Number of protein chains: 2
Amino acid sequence: MQFTKAEEYGMLGVLYLSEKKLGSITPLSEIAEAKGIPEKFLAKIFQSLSRATIVRSHRGVRGGFSLAKDPKEISVKEVLESIHGPYHLIKCTNNTEICDKSNFCSLRELLSIAERKLVQIFEDHTLADLVKWQKNKMIAI
Amino acid sequence: MQFTKAEEYGMLGVLYLSEKKLGSITPLSEIAEAKGIPEKFLAKIFQSLSRATIVRSHRGVRGGFSLAKDPKEISVKEVLESIHGPYHLIKCTNNTEICDKSNFCSLRELLSIAERKLVQIFEDHTLADLVKWQKNKMIAI
DNA sequence: GCTGCTATGCAGTTTACAAAAGCAGAAGAA
DNA sequence: TTCTTCTGCTTTTGTAAACTGCATAGCAGC
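Reference entry: report on the structure contained in this document. Keep in mind that this is a model prediction, so the values were computed, not measured.

Next up on the list: the overall build of chain A. Broken down by element type, chain A carries six helices and two strands. Listing each helix as α and each strand as β along chain A from the N terminus yields α-α-α-β-β-α-α-α. Taken across its 141 residues, chain A has 48% of its residues classed as buried. Residue pairs at least 24 apart in sequence account for 63% of intrachain contacts in chain A once pairs closer than 6 positions are excluded. Carbon and sulfur atoms provide 50% of the accessible area of chain A, an area that totals close to 7600 Å².

Here it is as structure tokens:
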């Protein structure tokens with residue numbers, strides 16, 4: 001049970017954009033190099049983010065990506081779910097058909113609770129929050 | 001970010017034992033068949049559980065596995081961690097060397113928070129709790 | 001002490017999916 | 001028109017999960 005690289009890269013990407021002036025356009029190559037991410041892989045991730053209107057794409061010379069809205073308005077949950085779909089700790093959490101052995105499974109119940117807690121945390125934090133943490137910590141050091 | 005089959009099977013296995021009389025011995029074949037789990041795979045998982053003294057093994061005719069302690073004394077966290085080691089949502093959560101790009105990473109910070117919440121839930125629930133849920137629900141239906 | 005049953009331990013194989021790379025093409029700016 | 005950047009596929013690679021097999025060891029009953 002771990003985060004995937006796609007999720008990690010996606011988050012690093014939007015965090016990178018969040019630190020820039022709102023609306024400014026940054027090419028993928030810059031993000032990829034700055035964060036040490038394979039550019040083509042990042043491109044694929046940003047396509048998902050673009051479809052979810054978290055970022056906006058701009059083609060052509062001096063093109064790239066910009067945040068589609070204020071970092072304050074973008075939750076971590078939004079970013080993660082646009083990359084990998086809704087979170088589920090276990091496949092049958094929402095799909096009862098997969099595990100039809102019993103009409104009630106206490107394990108599924110526990111995982112649902114855990115899942116809700118987890119999603120709640122991701123929902124409660126925005127990109128702006130993370131950027132703020134980063135800045136505060138940097139000053140402290 | 002999902003549970004592995006090993007974790008799922010392991011939990012189902014110990015839950016199966018938890019429903020039996022404390023100390024009674026059940027062969028793997030019975031558990032495997034009852035829960036629809038590949039027997040050899042389950043055997044491997046139970047070896048881990050045995051080493052962690054969550055279950056006790058008994059060889060020979062009428063042998064099998066029994067819980068090593070009362071279900072009330074076994075937390076879900078114990079079971080899960082004995083199967084897959086300590087939980088980490090991201091590789092660098094505890095290993096700073098892996099991600100040396102910055103001395104502070106807000107993403108890591110957030111995941112640490114999430115991780116602690118998750119572990120807390122698993123620590124707070126015992127096998128006895130889950131069995132109780134199961135029974136109550138069954139009665140309700 | 002032989003036989004059958006069950007776990008043990010290690011060495012495999014297979015499968016699935018994440019991660020990454022590649023390429024032709026479209027859209028846009030200069 | 002040309003260069004740049006994203007777009008939308010396809011394909012490859014790498015790795016870990018999931019599963020299998022076999023020889024061995026321990027135990028019980030006869």
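Once the structure has been displayed, the description carries forward.
All names here are of chain B. Across all of its chains, the model carries six aromatic pairs over all chains by this definition. Taking 5.7 Å as the distance between ring centres and 85 degrees as the angle between the ring planes, the aromatic pair formed by Y9 and F41 counts as edge-to-face. One end of the pair, Y9, is in helix α1 (residues 5-18); the other, F41, is in helix α3 (residues 39-51), and 32 residues separate them in sequence.

A few words on the interface of chain B and chain A. Across the contact, 37 residues belong to chain B and 37 residues belong to chain A. For the interface between chain B and chain A, the tally reads zero salt bridges. For the pair chain B and chain A, the interface holds two residue pairs in polar contact (both at pLDDT 80 or more). For the side of chain B that touches chain A, the elements supplying multiple residues, two or more each, are α1, α5 (106-124) and α6 (127-140) of chain B. In terms of residue count, α5(B) provides more of the side of chain B that touches chain A than any other element does, 11 residues in total. Among the residues forming the side of chain B that touches chain A, the class breakdown is 23 nonpolar, seven polar and seven charged.

The next subject is the relation of the copies chain B and chain A. Each copy superposes on the other: chain B lies on chain A with an RMSD of 0.1 Å after a rotation of 179 degrees and an axial shift of 0.0 Å. The superposition of one copy onto the other is thereby described by a two-fold rotation axis. Of the residues that chain B buries at the interface, 100% are likewise interface residues in chain A, meaning the two copies contact each other through the same surface.

Attention now goes to the protein's contact with DNA strand D. Residues in contact with DNA strand D amount to 24 residues; listed here are only the nearest, L28(A), K40(A), S57(A), K40(B) and G60(B). Considering the 4 Å shell around the protein, atoms of DNA strand D inside it are sugar or phosphate in 65% of instances. Taking L28(A), its main chain carries an N or O atom lying 2.9 Å from a phosphate oxygen of DNA strand D. The separation between a phosphate oxygen of DNA strand D and a polar side-chain atom of Q47(A) is 3.4 Å. Listed by contribution, the elements that provide at least two residues to the surface near DNA strand D are α3 (39-51), β1 (55-58) and β2 (64-67) of chain A together with α1 and α3 of chain B.

Residues and elements named next belong to chain B. Backbone geometry at T53 places phi at a positive 50 degrees, although glycine is not the residue there. Summarising the element assignment, T53 is placed in the loop between α3 and β1 (55-58). With a phi angle near 60 degrees, R62 is a residue other than glycine that sits in the positive phi range. One can find R62 in the loop between β1 and β2 (64-67).

This paragraph deals with the pairing of β2(A). All names here are of chain A. Residues G64 and S66 line one face of β2 and the alternating positions F65 and L67 line the opposite face, and both faces are buried. As paired strands, β1 and β2 are joined by four bridges and run antiparallel to one another. Note on β2: the bridge partner recorded for H58 is G64. Where β1 hands over to β2, the hairpin turn is made up of five residues, of which G60 adopts a positive phi near 85 degrees.

Here we take up the pattern of salt bridges. All chains considered together, the criterion is met by nine salt bridges over all chains. Among the ionic pairs, E78(A) bridges to K69(A), the shortest N-O distance being 2.8 Å. Put simply, D70(B) and K72(B) hold a salt bridge, and the shortest N to O gap is 3.7 Å. Residue classification places D70(B) among the partly exposed positions, given a relative accessible area of 25%.

What counts as what
Residues numbered from 1 in each chain as written. Chains lettered and ligands numbered in written order. Predicted model: local features only at pLDDT ≥ 70, side-chain atom pairs only at ≥ 80, totals over all residues. Heavy atoms only, no water. Helix = DSSP H or I, 4+ residues; strand = E, 2+ residues; numbered from the N terminus. Buried < 20%, exposed > 50% of the residue type's maximum accessible area, 1.4 Å probe, protein only. Contact = heavy atoms within 4.5 Å. Areas by Shrake-Rupley, 256 points an atom, 1.4 Å probe, with all protein chains shown as cover. Phe/Tyr/Trp six-rings, centres within 6.5 Å; stacked < 30°, edge-to-face > 60°. Salt bridge = Lys/Arg side-chain N within 4 Å of Asp/Glu carboxyl O. Polar contact = N/O pair within 3.5 Å; in protein donor to acceptor, adjacent residues only side chain to side chain. Nonpolar A, V, L, I, M, F, W, Y, C, P; charged D, E, K, R; others polar. Least-squares fit on C-alpha atoms with pLDDT ≥ 70 in both. Near = heavy atom within 4 Å. Pairing = 2+ DSSP bridges.

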